[in-house]
Amino acid sequence: MRLFVALEIPAPVREKLAELLRTLRVVSPQTRWAHAENLHVTLKFIGEVPEARLAAIRGALACVRSERAATLDFRGLGFFPNEKHPRVFWAGIEASPNLKTLAGDIEKASETVGIPREQRAYSPHLTLARFESPRLPERLRAAIEENPGREFGLLRTREFHLLESKLKSSGAEYTTLERFAFAPAEA
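In what follows, the accompanying structure is described. (Residues numbered from 1 in each chain as written. Predicted model: local features only at pLDDT ≥ 70, side-chain atom pairs only at ≥ 80, totals over all residues. Heavy atoms only, no water.)

## Brief notes about the sheet that holds strand E1 (residues 2-8)
Part 1 of the reasoning: With antiparallel pairing, four strands are arranged side by side in an open sheet as E3-E1-E8-E9. Two strands close off the open sheet at either side, each with one partner strand: strand E3 (40-48) and strand E9 (171-181). Within the sheet, the average angular offset between the axes of one strand and its neighbour, ignoring direction, is 25°.
Part 2 of the reasoning: Both E1 and E3 contribute to a ladder of seven bridges, which runs antiparallel. By the bridge assignment for E3, Phe4 is matched with Phe45.
Part 3 of the reasoning: Along the sheet, helix H2 (residues 54-62) contacts E1, E3, strand E8 (159-168) and E9; its crossing angle with E9, the most-contacted strand, is approximately 50°.
Part 4 of the reasoning: Packing of helix H3 (residues 98-111) onto the sheet brings it into contact with E1, E3 and E8, and relative to E3 it is tilted by some 15°. (Pairing = 2+ DSSP bridges. Helix = DSSP H or I, 4+ residues; strand = E, 2+ residues; numbered from the N terminus. Axes fitted to C-alpha atoms, helices over the stretch in contact; angles between N-to-C directions. Contact = heavy atoms within 4.5 Å.)

Quick look at the structure:
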């Protein structure tokens, strides 16, 4: 099983991102664009694990808690590692401080069941496209520059999800295996 832990994004945010993706797909059809229905905020990529380890992973994740919900503001666009040599095109996220803490707690919980720790610091984002060539087509660059501070909406959540990713020729297919409430319901 290929697993990861993520936050689902709300429909209004997804719709605004889908609109942007439709516009940019016309400008650069050769780019590997994400499917809007698959967009999510990854907290921890677990990777390939035998199904026999699923119960232990679920048990570890069930212990992750926070005193309050996480708030995410989806805004802005950018590139990893940078605009001159892009490999990934992303939508940015301004998050409440407890999101990084939550990701760190999920990392620690995963480590207790033998999942290796991520070597890079956690950087919340939504991957919108991946580039084979580290050169950005000029028409695409111009279209992206028209949207630098674009806002996509907000998410306030108290749960994260364990998802399975099945790689298919048409792209990845995600299935939610379980939802975990990490913060108490607000009064």
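## Quick notes on helix H4 (residues 138-145)
Part 1 of the reasoning: All of the buried residues in H4 are Leu140, Arg141, Ala143 and Ile144. Down the axis of H4, the buried set is contained in an arc of 165°. They therefore lie on one face. Exposed and facing more than 90 degrees away from the buried side of H4 are Glu138 and Arg139.
Part 2 of the reasoning: Where H4 is buried, its residues meet helix H1 (11-27), strand E2 (32-33), strand E4 (70-80) and strand E5 (88-95). (Buried < 20%, exposed > 50% of the residue type's maximum accessible area, 1.4 Å probe, protein only. Arc of directions from axis to C-beta.)

## Topic: the pairing of E8
Every other side chain in a regular strand lies on the same face of the sheet, so the side chains alternate between the two faces.
Part 1 of the reasoning: Bridge count between E1 and E8: four bridges; the pairing is antiparallel. Bridging from a neighbouring strand, Val5 pairs with Leu162 of E8.
Part 2 of the reasoning: Bridging between E8 and E9 involves ten bridges; their strand directions are antiparallel. Looking at E9, one finds that Leu163 is bridged to Thr176.

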